[in-house]
2 protein chains.
Amino acid sequence: MPVQLCLMVFIFVVIIIIFSGEARSLKVENILYRGKSEFQEILVFESSIYGKVLVLDGLVQLSEKDECAYQEMIAHLPLCSIPSPKTVLVVGDGDGGVLREVSRHPSVEHIDICEIDKMVIDVSKKFFPRLAVGFEDPRVHLHIADATEFLRLAPVGPAQELVEKPFFETIARALRPGGVLCNMAESMWLHTHLIQDLISVCHQTFKGSVEYAWASVPTYPSGVIGFLLCSTAWPPVDFKNPVNSIEKLEGALKHKRELQFYNSEMHSAAFALPSFLRREVSALHESSTPARQIGDK
Amino acid sequence: MPVQLCLMVFIFVVIIIIFSGEARSLKVENILYRGKSEFQEILVFESSIYGKVLVLDGLVQLSEKDECAYQEMIAHLPLCSIPSPKTVLVVGDGDGGVLREVSRHPSVEHIDICEIDKMVIDVSKKFFPRLAVGFEDPRVHLHIADATEFLRLAPVGPAQELVEKPFFETIARALRPGGVLCNMAESMWLHTHLIQDLISVCHQTFKGSVEYAWASVPTYPSGVIGFLLCSTAWPPVDFKNPVNSIEKLEGALKHKRELQFYNSEMHSAAFALPSFLRREVSALHESSTPARQIGDK
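Residues numbered from 1 in each chain as written. Chains lettered and ligands numbered in written order. Predicted model: local features only at pLDDT ≥ 70, side-chain atom pairs only at ≥ 80, totals over all residues. Heavy atoms only, no water.

Asks: Just give me the short version of the overall build of chain A, but keep the residues and values in it.
Replies: Along its length, chain A carries 11 helices and 12 strands. Per-residue burial over chain A gives 59% buried out of 297 residues. Here the contacts in chain A between residues at least 6 apart in sequence split such that 63% fall between residues at least 24 apart. (Helix = DSSP H or I, 4+ residues; strand = E, 2+ residues; numbered from the N terminus. Buried < 20%, exposed > 50% of the residue type's maximum accessible area, 1.4 Å probe, protein only. Contact = heavy atoms within 4.5 Å.)

This is the structure we're talking about:
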């Protein structure tokens, strides 16, 4: 039995542990890059079925085959929910995929991106040109900086603070009226308690609507990723029924490259939640309270 | 490097290859059962994060944590789409989970199940009582038989024929007017060409509506599974907007055990398809043709 398993190890050269008790492995055709930046270990390999894969500190960040799901959803869920987005701040996204998606919106005039690790950008430009194309848009302004400093947060520690209360408070203060936040928010199958915490903090911090959505991303833990959408007290934002349909924006469907995952049906469907999640995350029920009632308390 | 990987093999005792080029591994807390029936190898183990897992011939069939998604969707997508389902045939489902879900419907009077391997049923009754409870319903009639023979198909080969044209033709003949088929239908991320073939065959065979839906199932390849829904020529069936809402059926939400995954919002959302799938599976476009036009050709 052990012999048999070890043989398999030679076939699957990279084994990536993604969660205690679960591992996913992708067959490696070719290792394209290995490096260590000031912040993390960077690995790029060619997998046999998901195309090229970017791994940071042992965690899959994206694969060419399924990056569309994450990048398109995290950009268009918020930007299609408000009438005419003008200014966008992207935190992280050294690969450029979110920038590529944000730039589909003709109303957007200015895009700031704050990425701490320049090496991720350089690696992406070399190995993932279909994502890094996002940096080429003249509306993009790159800031190589710690997001907590960029946002004038008191620096406390590493990336963890990007999902903690002071971070959300800073974002809430920075948003203009009608502005929205879309934050990556865990797996509904694995992290219901973290989702509960995130939603509770955002209900306290933002005074408008707080909604949870999800998408299928095969190379992420349990094959899904969640998104938390938050709006300011006024005007009200109905995230589930987008006012700014991507299909009606001139040139948006094919800008840089054709949309692969997102469409208006997928937008609304992303807010349909399994019955277990509705029950286990009690904070979800607050979402049904009209925005103004929460805001005025 | 190989040493490090071999150490990991000892932690993850069971490595399950689920698709050429990709593998998923679950940490094994305890192996509960190993056996070999006339048809296949059967393995039951306790995993650390997905509960007990049933494996047939090396392929994960279900885990306690995520079985709800598959069992509930494959049962309620068809049964909630028609007004008052009376008679149901379940092919396979030796674990009983689909029976548990079908029996939520008070209108159902008779449930036939055709499972080829009695040992799967026995193992399920011993290790998965929350699924095997489905066999206890007095409306259930168990047939230990080859489904192709049960349906009076000429026997040709193994399970493969359950997704081939003669099988669908037999089902189409067996359906009463207004009857529907729900068939497991591959992963949208991995098998678009197979989905294309399945939908094309079903468009030729069934004379009503043919629709594709999907659900998140973490322990299946690429973390999703598809469903193909087909109806007879008349009366028309609108799979996307269920007429027989589960929330309105007396006792259905808590029958045997509370619904975990399915609800009416998840039902409609399951038919929202990523843009790449819409484009790659040209047969999907036929779905938008009104049922009677296809049927009358």
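On we go from here.
Asks: Explain empty space enclosed by the protein to me, and be specific about the residues and the numbers.
Replies: For the coordinates displayed, the defined rule picks out six cavities of 30 Å³ or more. Size it by volume and the largest cavity reaches roughly 160 Å³. Forming the walls of the largest cavity are 17 residues, and the residues nearest its centre are A:Trp214, A:Ala269, B:Trp214, B:Ala269 and B:Ala270. Within the residue set of the lining of the largest cavity, elements represented by two or more residues are β11 (210-216) and α9 (264-269) of chain A together with β11 (210-216) and α9 (264-269) of chain B. Tallied by class, the residues present in the lining of the largest cavity amount to 15 nonpolar, two polar and no charged. (1 Å grid on protein atoms, 1.4 Å probe; cavity = no way out; pocket = protein on both sides within 12 Å on 5 of 7 lines; lining within 4 Å. Points joined across faces, edges and corners; volume = space filled by probe spheres on them. Nonpolar A, V, L, I, M, F, W, Y, C, P; charged D, E, K, R; others polar.)

Asks: Could you give an account of the sheet that holds strand β12 (residues 224-231) of chain B, with specific residues and numbers?
Replies: All names here are of chain B. Taken together, the three strands give an open sheet; going across it, the order is β10-β12-β11, and neighbouring strands pair in antiparallel fashion. The open sheet has two edge strands with one neighbour each: β10 (180-184) and β11. Across the sheet, the axes of successive neighbouring strands diverge by a mean angle of 25 degrees, strand direction being ignored. Summarising the sheet, β11 and β12 pair through seven bridges and their orientation is antiparallel. If you follow Ala215 over to β12, its bridge partner there is Ile225. The strands touched by helix α2 (residues 67-79) are β10, β11 and β12; relative to β12, the strand with the most contacts, the crossing angle is about 15 degrees. (Pairing = 2+ DSSP bridges. Axes fitted to C-alpha atoms, helices over the stretch in contact; angles between N-to-C directions.)

Read these as spatial facts, not as claims about activity.
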